[in-house]
There are 2 protein chains.
Amino acid sequence: MATIQDIANRLGVSKGTVSKALNGAPDISETLQKSILETAVEMGYKKIRRQKTSLGKLCIITGNLEYKEPHQFGYDIILGFRQMAEPAGYEVDIVSADQELQKNISYDVYMLRNNYLGAFILGFSFSDPWMKEFSSSKTPAVLYDNYITANLNIAYVGVDSNEGMELAISHLKKLGHKKIGYLSSSLASHIMLARQKAFFQALKQNGLKGEPSCAGSAFYITECIEKHLPRLLDMGITAIVCSHDLVANAAMIQCQQLGYRIPEDLSIIGFDDIPICAHTSPPLTTVRQDRIQLGKSGYYALESLKNRVPIGTLLLHAQLIERNSTGRCRE
Amino acid sequence: MATIQDIANRLGVSKGTVSKALNGAPDISETLQKSILETAVEMGYKKIRRQKTSLGKLCIITGNLEYKEPHQFGYDIILGFRQMAEPAGYEVDIVSADQELQKNISYDVYMLRNNYLGAFILGFSFSDPWMKEFSSSKTPAVLYDNYITANLNIAYVGVDSNEGMELAISHLKKLGHKKIGYLSSSLASHIMLARQKAFFQALKQNGLKGEPSCAGSAFYITECIEKHLPRLLDMGITAIVCSHDLVANAAMIQCQQLGYRIPEDLSIIGFDDIPICAHTSPPLTTVRQDRIQLGKSGYYALESLKNRVPIGTLLLHAQLIERNSTGRCRE
C-alpha cells in the first residue's frame, strides 16, 4: 500500500502538504488538494479523509470489459470514477456481474442487498439480462456506451460519436480523400451502431458519397478484415475509418502485406486511442476517448441522478489525434 | 429579504434546524440540508454559508430570454442553477449581453475583466456575435440549447429532443394516429432544427410516413398558423406536434374556430410544459422540459468543465405530460 511519503515523492511536495490535503485542511489550494487526492486514489492509499463520515457505497459493475491492468481499456475509466467518488466520501466496490448472476437476481434487488446507492456500469451489451430491466429499474445507474430511453434513473455516458466521426472525415477531406470506407466489429451493441451511423452522417455533412457497400462489419476482427477489406480496396477506396483501434491496426497490417503503403497509398483512422496507437507502424491517427475523463463524467452523471437531476445522456467531446497513418490522397 | 424564520415557516422546521443547515452543521441529514439551502436560495436569503470562503464568481448570461417573473421561461432555469452554485460557495451574477455589447468586447475579455470563472448562457441564437467566438474561446461556458463542436471549454445542455419526439409520436401512434403534422417557429436556431429533425426521426422509428410537406415553420406564430395549418388540415392530418407550447395553443384556438373539436377531431401536442399548459382549453398534452433540473444540470456541466472534464453534451430525459388535447383517432 502506498504511504504519504510515496505520494509526496511522486508529486514533489512535502509529507506535511500531502497530509494536509488528505485531511482537508483549509490552508492548501483547491487545485493542489485535488491533485493530491487523485494521486492518492491512483496509488492505492487507503485512508482518504479518515475524519469524514462515509456518504455510502457505490459500485462499478464490469460486464465484458478488461480493467485489471493499466494497459486495459477499463482501467483508466474505473480510476477516473474513483478519483472523484472516494475523495467526495463514497466507498467504491468493483464487482463483476456475469449473465448467470444477472439471471438469478434482479438489478434492483442486487443493489439493495449490497447497500449500493448507485452503479456505474461498463461493458454491457444487448444480450445482458439486466439491460431489459434498466427500462424500469429504480436504483440510479450510469451506463457507459449504452442508452436506455425514458427511465429517469438511468443515464448514458460516452464520447460523442458524431463529433468524433466529423473530425475524422473532415480531416480526410482536407487531405483530398473522397472515397472513404468503414470497417467495424459486430454491430450488436448500441455504440457500434451509433458509430457506423455517425460515419455516414459525417460523409453527408462533408458532401461526400457514402453507399451502404462502403461499410463492412463482422464479430471477429480477422473475419471483418478478410471479408470486407479486399472489397473496399477493389472499390478504389483511398481511406478507411475503423470502429476501433484494434480493427485499424489489423487493417494496416493486412494492407501492408498486400503491398499498400500507409499513408502514401491508403490512409487509416482508428477510434479510442488505446496505448498501442503511438507504437503501431506507422503510429495510428485516431479519435480519442479520454478514459480518465469518462470515469469522472460517470461520477458526475451518477451524482446528478442521485440528486434527482434526470440526466439521460452525457457525451464528452471527441478529439482527433493526428499521427502518421493518414496522409494526402494520391492523384 | 427572507429571514431564517421565513425559511423555517415555509418548510415547517425549527429556526435552529434552518440555522444549522445554513452553517453546514454536521448533525443534520444531507437531504434536509440540501432542501433548506435550495429554499434559502429560492426565497432570496442572502447569507448562505457565511463562514465559507467564496469559490469565486460565475455568471448567467441571458440573451433573448425572459426570466424576471416566475411564469417566464428562464426563471426556473436560473433558480435551479443558483440552487446548486450558491450553497457550493459561488457568487452568481445574472447579466444580459445584447448584440451591441457582444460586438464591442470579446467573450473571453468580458469574462476576465469581470473575474468570472465560467458562464451559463441562455437564449442565444445563431445571430449572436459571441456564437462564432465560442468555437475557440478559453473560458468555460455552458450553453442552453446551443451546440458548439470541438471546443473542450464549451458544453451544451438541454432536454433530449429525440426522446421527447419519440414519446410524443409513440403516444399518438397508440391512439391510432397515422397522419401526423408538425408546426414550428423559426428554424434559425440549433434547437428548432434539432426538434424538427427529431420529429421526422420519430415518425420513421414508429413506421409512419413523414413527407417534408407535413411540416411547416415561420418566424411569427400567427404567420405559421395562417400559412401552414389549413394545408395540414387539407392533407387529412389527424394530429399535430408543435415545436413549443405557444404554437400548440395558437393551433388549438385556430382549429376550434374552424370547427374542429380537440381532441375528438384533432389531437395536438406541445413542447416545454410552460405553466399555461394546465389551463388551456383543453389542457395541453406536452413534452416537459424540467427547468429547475435544466438549471441544475447547467451547474453540473460547468463544474465539470472547470475541472477539465470536457463534457460536450448533457441531455436531460424528456417526459410526456398527458392531458386532454390528445385522444383516440377518428375512424
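These numbers were taken from a predicted model, which means no experiment stands behind them.

Conventions used here
- Residues numbered from 1 in each chain as written.
- Chains lettered and ligands numbered in written order.
- Predicted model: local features only at pLDDT ≥ 70, side-chain atom pairs only at ≥ 80, totals over all residues.
- Heavy atoms only, no water.
- Pairing = 2+ DSSP bridges.
- Helix = DSSP H or I, 4+ residues; strand = E, 2+ residues; numbered from the N terminus.
- Axes fitted to C-alpha atoms, helices over the stretch in contact; angles between N-to-C directions.
- Parallel < 35°, antiparallel > 145°, perpendicular 65-115°, else oblique.
- Left-handed = near helix turned anticlockwise from the far one by under 90°.
- Contact = heavy atoms within 4.5 Å.
- Nonpolar A, V, L, I, M, F, W, Y, C, P; charged D, E, K, R; others polar.
- Patch = residues over 30% accessible without salt bridge, like charges linked within 9 Å, V, L, I, M, F, W, Y side chains within 5 Å.
- Areas by Shrake-Rupley, 256 points an atom, 1.4 Å probe, with all protein chains shown as cover.
- Salt bridge = Lys/Arg side-chain N within 4 Å of Asp/Glu carboxyl O.
- Lys, Arg positive; Asp, Glu negative; His and termini not counted.
- Charge placed at Lys NZ, Arg CZ, Asp CG, Glu CD.
- Buried < 20%, exposed > 50% of the residue type's maximum accessible area, 1.4 Å probe, protein only.
- pLDDT = per-residue confidence, 0-100.
- Expected span 1.5 Å × (residues − 1).
- Bend = angle between axes of the 7 residues up to and from the residue.

Peer 1: Can you lay out the sheet that holds strand 7 (residues 215–218) of chain A for me, pointing to particular residues and giving the numbers?
Peer 2: Residues and elements named next belong to chain A. With respect to topology, six strands assemble into an open sheet ordered 7-6-8-9-10-12, the strand pairing being mixed. Lying at the two open borders of the sheet, with one neighbouring strand each, are strand 7 and strand 12 (319–321). The mean inter-strand angle of the sheet, taken between neighbouring strand axes irrespective of direction, is 20 degrees. Two elements, strand 9 (residues 267–272) and strand 10 (residues 285–288), share four bridges in a ladder whose sense is parallel.

Peer 1: Tell me about the sheet that holds strand 12 (residues 319–321) of chain B, residues and numbers included.
Peer 2: Residues and elements named next belong to chain B. One open sheet accounts for six strands, arranged 7-6-8-9-10-12; its pairing is mixed. Sheet topology places strand 7 (215–218) and strand 12 at the edges, where each strand pairs with a single neighbour. Recorded for the sheet is a direction-independent mean angle of 20 degrees between the axes of neighbouring strands. Pairing analysis gives four bridges linking strand 6 (residues 180–185) to strand 7, with the strands arranged parallel. Bridge pairing in strand 7 links Tyr182 to Ala215.

Peer 1: Mind laying out the packing of helix 4 (residues 73–88) of chain B against helix 12 (residues 291–306) of chain B, listing which residues take part and the relevant values?
Peer 2: Residues and elements named next belong to chain B. The interhelical angle for the contact between helix 4 and helix 12, taken along N-to-C directions, is 45 degrees, at an axis separation of 6 Å. On the basis of the axis angle, helix 4 is oblique to helix 12. Helix 12 is crossed by helix 4, and the crossing has right-handed handedness. Facing Phe73, Asp76, Ile77, Leu79, Gly80, Phe81, Gln83, Met84, Ala85 and Ala88 of helix 4, the residues of helix 12 in contact are Arg291, Ile292, Gly295, Lys296, Gly298, Tyr299, Tyr300 and Leu302. Residues belonging to the contact of helix 4 with helix 12 are distributed by class as follows: eleven nonpolar, four polar and three charged.

Peer 1: Just give me the short version of a positive patch on the surface, but keep the residues and values in it.
Peer 2: A cluster of like positive charges, contributed by Lys197(A), Lys204(A), Lys197(B) and Lys204(B), occupies part of the molecular surface. Elements supplying a minimum of two residues to the positive patch: helix 9 (190–205) of chain A together with helix 9 (190–205) of chain B. Tracing the sequence through the fold places Lys204(B) in helix 9. What makes Lys204(B) exposed here is its relative accessible area of 70%.

Peer 1: Tell me about the confidence of the model for chain A, residues and numbers included.
Peer 2: On average, residues of chain A carry a pLDDT of 92, and 98% of them reach 70 or more. Per the prediction output, this complex has pTM 0.87; the corresponding ipTM is 0.83.

Peer 1: Let's hear about helix 10 (residues 221–234) of chain A: which residues, and what values?
Peer 2: Residues and elements named next belong to chain A. Its 14 residues place the ends of helix 10 20 Å apart at the C-alpha level, agreeing with the 20 Å of an ideal helix rising 1.5 Å per residue. Along helix 10, the sharpest change in direction is near 35 degrees and occurs at His228; proline Pro230 comes one to four residues later. When we look at burial in helix 10, the residues that qualify are Cys224, Ile225, His228, Leu229, Leu232 and Leu233. Structurally, helix 10 contributes buried residues whose contacts are with strand 6 (180–185), strand 7, strand 8 (239–242) and helix 11 (245–257). One or two positions beyond helix 10, positive phi appears at Gly236, with a value near 85 degrees.

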